[in-house]
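Residue strings, one per chain:
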Amino acid sequence: MKTLIVETANPKILGELVTVSRLFCQTPDVVVLGDGELWGSYGKACRVADTLGANLGTGLADLIRTEGYELILLSSTAIGSGLAGPLAVSLGAPILTEVTAITADLTIERSLYGSKAVARYKVGSGPVVLTIKRKYFEAADLAGATPTVELPAGAQRIALLEEIEEERQGIPLEDAEVVVTGGRGLGTGDSFAVLKDMAGLLKGAVGASRGAVDEGWMPPGAQIGQTGKIVAPTVYFAVGVSGASQHLAGISNAKCVVAINKDNEANIFKRARFGIVGDYKNAVPALINALKESA
Ligand SMILES: Cc1cc2nc3c(=O)[nH]c(=O)nc-3n(C[C@H](O)[C@H](O)[C@H](O)COP(=O)(O)OP(=O)(O)OC[C@H]3O[C@@H](n4cnc5c(N)ncnc54)[C@H](O)[C@@H]3O)c2cc1C
């Protein structure tokens with residue numbers, strides 16, 4: 001099936017899309033959005049200078065029509081999502097977003113109802129536009145670099161004024177083998193200090209539920225879940241987190257979940273391998289002491 005990947009040069013995201021594309025073809029074609037060396041080998045590689053879908057004009061849709069692509073793969077990032085819908089409309093193509101599983105006969109899965117249900121779809125022949133949810137597919141190794149041919153962008157309808165990176169300390173959440181997450185049950189923003197101590201001892205990173213982010217205790221970039229980051233650490237501590245389905249959507253591949261919650265009926269205990277029913281103010285310092293003793 002003739003497949004086109006449309007993505008920035010980010011090798012991790014691109015790698016995930018290449019993994020998906022290999023179900024359908026040997027070497028996909030690619031349109032890179034924005035700057036950066038294009039890693040990996042592709043049939044045909046083009047580049048549009050802009051990353052904002054609104055500024056791409058008709059060049060991309062024209063290319064898809066001329067080349068007769070049957071499957072167009074984007075990622076469920078802000079950039080991919082900004083482009084996928086309007087692109088599908090201009091192609092008159094069906095679109096499925098936030099795809100979590102896919103087979104070679106285009107049977108597709110994605111989550112519904114705050115990740116409480118999985119829906120399965122069968123899509124007919126193309127063109128079909130899909131956005132692939134991050135971290136659900138192993139990123140392929142992209143060997144070598146491919147030169148690109150410039151594709152013209154359209155009129156600039158949205159101007160990117162500034163990109164501000166969130167301040168970050170220590171290991172990025174998505175790369176950490178141990179994640180210590182705090183929820184609204186922590187009661188105050190200052191209480192995150194004790195989670196940071198624990199994460200430091202375990203060489204891990206600190207995450208947050210939306211409850212804690214809404215309280216302003218942690219920055220939005222620390223949020224884990226359906227509308228936050230997806231993590232797959234070896235050990236995941238959920239401290240004062242109720243375990244709403246939208247939170248659990250971010251930790252489905254975490255190997256060992258440890259819950260600390262004073263409500264023994266909290267939903268998080270259904271996902272946890274180990275659970276401590278109690279006040280985190282007692283449990284976390286006790287864990288820290290034990291870790292220091294065993295160090
Ligand atoms: C469209 C949509 C998307 C969403 N996306 C996300 C998302 O990406 N990530 C996310 O996290 N949420 C998300 N949510 C919100 C989600 O539904 C929950 O509201 C949220 O996860 C609750 O956060 P919480 O568990 O920290 O808070 P709460 O539900 O208030 O739970 C706090 C927990 O702390 C426990 N507790 C209280 N005091 C203590 C103590 N001293 N010691 C130990 N435990 C204590 C309580 O028993 C309780 O279980 C989304 C919701 C919607 C509608």
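For the structure given in this document, a descriptive report is provided here. Please read all numbers here as calculations on a predicted model, not as lab measurements.

### Digging into the overall build of the protein chain
Here is step 1: From N to C terminus, the protein chain includes 8 helices and 14 strands.
Here is step 2: Burial analysis of the protein chain (295 residues in total) assigns 46% to the buried set.
Here is step 3: When contacts within the protein chain are restricted to residue pairs at least 6 apart in sequence, those whose partners lie at least 24 apart make up 62%.
Here is step 4: Approximately 14,800 Å² of the protein chain is accessible, and the part contributed by carbon and sulfur atoms is 52%.
Here is step 5: Separation of charge centres in the protein chain, based on 27 positive and 31 negative side chains, amounts to 6 Å.

### Focus on the sheet that holds strand S12 (residues 235–239)
Here is step 1: Spatially, the 5 strands line up as an open sheet ordered S11-S10-S12-S13-S14, and their pairing is parallel. Each of the sheet's edge strands pairs with one partner strand only, and the pair in question is strand S11 (205–208) and strand S14 (274–277). Looking at each pair of strands side by side, their axes are set apart by 15° on average, direction ignored.
Here is step 2: In terms of strand pairing, strand S10 (residues 178–182) meets S12 through 5 bridges, oriented parallel. Along S12, the bridge assignment pairs Val 178 with Val 235.
Here is step 3: Sitting on the sheet, helix H4 (residues 192–201) is in contact with S10, S11 and S12, with an inclination near 140° to S11.
Here is step 4: The sheet contacts of helix H8 (residues 280–294) involve S12, strand S13 (256–261) and S14, and relative to S13 the element is tilted by about 135°.

### Section: the sheet that holds strand S9 (residues 149–150)
Here is step 1: Across the sheet, 9 strands lie side by side as S7-S6-S5-S8-S4-S1-S2-S3-S9; this open sheet has mixed pairing. A strand with exactly one partner marks an edge of an open sheet, and here the two such strands are strand S7 (117–122) and S9.
Here is step 2: Here strand S5 (residues 95–102) runs beside strand S6 (residues 107–112); their pairing, made up of 3 bridges, is antiparallel. Across the sheet, the residue bridging to Val 99 is Arg 110, located in S6.
Here is step 3: Most of the contacts of helix H3 (residues 78–91) go to strand S4 (residues 71–75), to which it runs at about 155°, and overall it touches strand S1 (3–8), strand S2 (29–33), S4, S5 and strand S8 (128–132).

### Brief notes about the site of the ligand
Here is step 1: Surveying the vicinity of the ligand reveals 24 residues, the closest of which are Arg 184, Ser 209, Thr 227, Ser 242 and Asn 261.
Here is step 2: Between the ligand and the protein, one listed contact pairs a nitrogen atom with a backbone N or O atom of Lys 262 at 3.2 Å.
Here is step 3: Within the contact set of the ligand, a nitrogen atom lies 3.1 Å away from a side-chain nitrogen or oxygen of Asp 279.
Here is step 4: Put simply, the parts of the chain that give the shell around the ligand at least two residues each are helix H5 (210–214) and helix H6 (245–248).
Here is step 5: Within the shell around the ligand, the residues separate by chemical class into 4 nonpolar, 15 polar and 5 charged.

Parameters and conventions
Residues numbered from 1 in each chain as written. Predicted model: local features only at pLDDT ≥ 70, side-chain atom pairs only at ≥ 80, totals over all residues. Heavy atoms only, no water. Helix = DSSP H or I, 4+ residues; strand = E, 2+ residues; numbered from the N terminus. Buried < 20%, exposed > 50% of the residue type's maximum accessible area, 1.4 Å probe, protein only. Contact = heavy atoms within 4.5 Å. Areas by Shrake-Rupley, 256 points an atom, 1.4 Å probe, with all protein chains shown as cover. Lys, Arg positive; Asp, Glu negative; His and termini not counted. Charge placed at Lys NZ, Arg CZ, Asp CG, Glu CD. Pairing = 2+ DSSP bridges. Axes fitted to C-alpha atoms, helices over the stretch in contact; angles between N-to-C directions. Near = heavy atom within 4 Å. Polar contact = N/O pair within 3.5 Å; in protein donor to acceptor, adjacent residues only side chain to side chain. Nonpolar A, V, L, I, M, F, W, Y, C, P; charged D, E, K, R; others polar.

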